[in-house]
Amino acid sequence: MLVSLVLSMASGLMAIAFWTLRGDFSLAWWIPNLYLLLFPIPAIAALTAPSAARDGETVELGRIREDRWWSGQWCSTSARR
């Protein structure tokens, strides 16, 4: 999820940089690309926060729920080795 959010943010940034260098300031291009650049920020902050859910708690990011299965609650001990 984190990789997907970072790649979405990077694509928005590259598009904004391209349109800036080109000198084209059409809102039809800028609004979708600014959305791609900005919408991942709250989710990235929630995923990387040091006080994020631990030991099987659930992190809620709007409508997205991520179960922390790697904490050991959802995997067997042999799967974690």
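Before reading on, note that the structure itself is shown above.
Below is a summary of the structure that appears in this document.

Calculation notes
- Residues numbered from 1 in each chain as written.
- Predicted model: local features only at pLDDT ≥ 70, side-chain atom pairs only at ≥ 80, totals over all residues.
- Heavy atoms only, no water.
- Helix = DSSP H or I, 4+ residues; strand = E, 2+ residues; numbered from the N terminus.
- Contact = heavy atoms within 4.5 Å.
- Buried < 20%, exposed > 50% of the residue type's maximum accessible area, 1.4 Å probe, protein only.
- Phe/Tyr/Trp six-rings, centres within 6.5 Å; stacked < 30°, edge-to-face > 60°.
- Patch = residues over 30% accessible without salt bridge, like charges linked within 9 Å, V, L, I, M, F, W, Y side chains within 5 Å.
- Areas by Shrake-Rupley, 256 points an atom, 1.4 Å probe, with all protein chains shown as cover.
- Salt bridge = Lys/Arg side-chain N within 4 Å of Asp/Glu carboxyl O.
- Axes fitted to C-alpha atoms, helices over the stretch in contact; angles between N-to-C directions.
- Parallel < 35°, antiparallel > 145°, perpendicular 65-115°, else oblique.
- Nonpolar A, V, L, I, M, F, W, Y, C, P; charged D, E, K, R; others polar.

Re the side chain of Ser8
Consideration 1: Within the secondary structure, Ser8 sits in helix 1 (residues 2-22).
Consideration 2: With residues near it in sequence (within four places) discarded, Ser8 still touches Leu36, Phe39 and Pro40.

A word on the environment of Ser11
Consideration 1: You can see Ser11 is positioned in helix 1.
Consideration 2: Given a relative accessible area of 29%, Ser11 falls into the partly exposed group.
Consideration 3: Residues Ser11 and Leu34, 23 residues apart in the sequence, show an inter-C-alpha distance of 10.0 Å.

Here's the deal with the packing of aromatic side chains
Consideration 1: Under the criterion given, the structure shown has four aromatic pairs.
Consideration 2: An aromatic cluster is built from Phe18, Trp19 and Trp29, whose rings are joined through pairwise contacts.

Concerning a nonpolar patch on the surface
Consideration 1: Taken together, the side chains of Leu34, Leu38 and Ile41 define a hydrophobic patch exposed on the protein surface, amounting to about 240 Å² of accessible area.
Consideration 2: Within the element layout of this structure, Leu34 appears in helix 2 (residues 27-38).
Consideration 3: On the basis of relative accessibility, which here comes to 33%, the residue Leu34 falls in the partly exposed class.

Considering the packing of helix 2 against helix 3 (residues 40-48)
Consideration 1: Where helix 2 meets helix 3, the closest approach of the two axes is 6 Å, and the angle between their N-to-C directions is 5°. Considering the angle they form, helix 2 stands roughly parallel to helix 3. Contacts between helix 2 and helix 3 pair Tyr35, Leu36, Leu37 and Leu38 from the former with Pro40, Ile41 and Pro42 from the latter.
Consideration 2: Its residues assigned to classes, the contact of helix 2 with helix 3 shows seven nonpolar, no polar and no charged.

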